Amino acid sequence: MAKTLKIVIIGCSICMLGIHCKRKSNPFDEMEKETLEDKIIWSDNKKLRWTDYKYDSTQTSFTIYTKVGLSVRYNVERPILFRSHTTFSTTESTVSDTTHLDDLRIGQAKFDLLETYRRKMEEEVDSIRNFENPNITKEVFDNMVARFYNEFEDEWDSFRPITLESLKEVEAAIKRRLN
């Protein structure tokens with residue numbers, strides 16, 4: 001009887017702790033978690049693999065589509081908080097032919113190139129933080145994110161069509177920027 005009572009008390013304590021923790025969870029934390037749920041976050045040691053893509057052998061207009069993006073969370077009040085990630089969408093990235101090894105390099109290069117722009121964006125945010133009286137609004141950050149993503153797309157498009165030569169060129173630029 002005493003053993004059963006201890007188990008019930010421990011079980012109830014764990015449930016109460018769970019309810020207490022859920023009540024304290026920040027809805028923005030939950031939104032961020034949901035946004036990043038099916039994404040791979042860029043890191044130095046993460047290299048894309050064919051298994052990160054959805055395989056679709058019926059796709060005939062391309063062999064690989066790599067969907068990358070910027071995930072950003074911020075607070076414009078002092079102190080300015082800003083957190084960003086370069087993401088790869090596993091649900092929106094598709095491959096129809098895994099025999100072209102250079103295609104995987106192209107997908108990785110696109111992911112890596114966007115990371116260089118995310119880092120530039122973080123540098124700009126750091127400079128804003130240093131202003132004595134920054135007049136920062138949500139629109140300032142929204143526009144900044146859009147601007148850096150557009151600059152990334154413009155540079156990526158400048159390498160198209162992707163050839164072995166242009167791939168080597170973009171990889172060299174990425175290597176310089178990430179070091």
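The present account deals with the structure reproduced in this document.

### Points about the pattern of salt bridges
Then step 1. Across all of its chains, the model carries 13 salt bridges by this definition.
Then step 2. For R118, the salt bridge goes to E115, with nearest N and O atoms at 2.9 Å. Of this pair, R118 and E115 both sit in helix α3 (residues 101-129), three residues apart, which is roughly one turn of the helix.
Then step 3. Between E115 and R119 there is a salt bridge, with the nearest N and O atoms lying 2.9 Å from each other. In this pair, E115 and R119 are both assigned in helix α3, four residues apart and thus about one turn of the helix distant.

### Quick word on the packing of α3 against helix α4 (residues 138-158)
Then step 1. Taken N-terminus to C-terminus, the directions of α3 and α4 make an angle of 145°; their axes are 10 Å apart at the nearest point. As for the relative orientation of α3 and α4, their crossing is right-handed in sense. Note on element contacts: α4 touches α3 through F141, M144, V145, R147, F148, Y149, E151, F152, E155 and W156, opposite I106, A109, K110, L113, L114, Y117, K120, M121, E124, V125 and I128.
Then step 2. In terms of residue class, the contact of α3 with α4 is made up of 15 nonpolar, no polar and six charged.

### Some words on helix α5 (residues 164-178)
Then step 1. End to end, α5 covers 21 Å across 15 residues, agreeing with the expected 21 Å (1.5 Å per residue, within 8%).
Then step 2. Among the residues of α5, those classed as buried are S166, L167, V170, A173, I174 and L178. The buried residues of α5 occupy an angular sector of 130° when projected down its axis, which confines them to one face. The exposed residues of α5 that point more than 90 degrees off its buried face are E165, K168, K175 and R176.
Then step 3. Those residues of α5 that are buried lie in contact with α3 and α4.

### So, the packing of aromatic side chains
The geometry of an aromatic ring pair comes down to the distance between the two centres and the angle between the two planes.
Then step 1. Taken as a whole, this structure holds nine aromatic pairs when the rule is applied.
Then step 2. For the ring pair Y117 and F152, a centre distance of 6.4 Å and an interplane angle of 65° mean the geometry is edge-to-face. You can see Y117 sitting in helix α3 and its partner F152 sitting in helix α4, a full 35 residues away along the chain. Like F152, Y117 is buried.
Then step 3. One aromatic cluster in this structure is built from W50, Y53, F88 and F111.
Then step 4. For the cation-ring pair, K120 lies above Y117, with the distance from its terminal atom to the ring centre recorded as 4.3 Å.

Calculation notes
- Residues numbered from 1 in each chain as written.
- Predicted model: local features only at pLDDT ≥ 70, side-chain atom pairs only at ≥ 80, totals over all residues.
- Heavy atoms only, no water.
- Salt bridge = Lys/Arg side-chain N within 4 Å of Asp/Glu carboxyl O.
- Helix = DSSP H or I, 4+ residues; strand = E, 2+ residues; numbered from the N terminus.
- Axes fitted to C-alpha atoms, helices over the stretch in contact; angles between N-to-C directions.
- Left-handed = near helix turned anticlockwise from the far one by under 90°.
- Contact = heavy atoms within 4.5 Å.
- Nonpolar A, V, L, I, M, F, W, Y, C, P; charged D, E, K, R; others polar.
- Expected span 1.5 Å × (residues − 1).
- Buried < 20%, exposed > 50% of the residue type's maximum accessible area, 1.4 Å probe, protein only.
- Arc of directions from axis to C-beta.
- Phe/Tyr/Trp six-rings, centres within 6.5 Å; stacked < 30°, edge-to-face > 60°.
- Lys NZ or Arg CZ within 6 Å of the ring centre and 35° of its normal.

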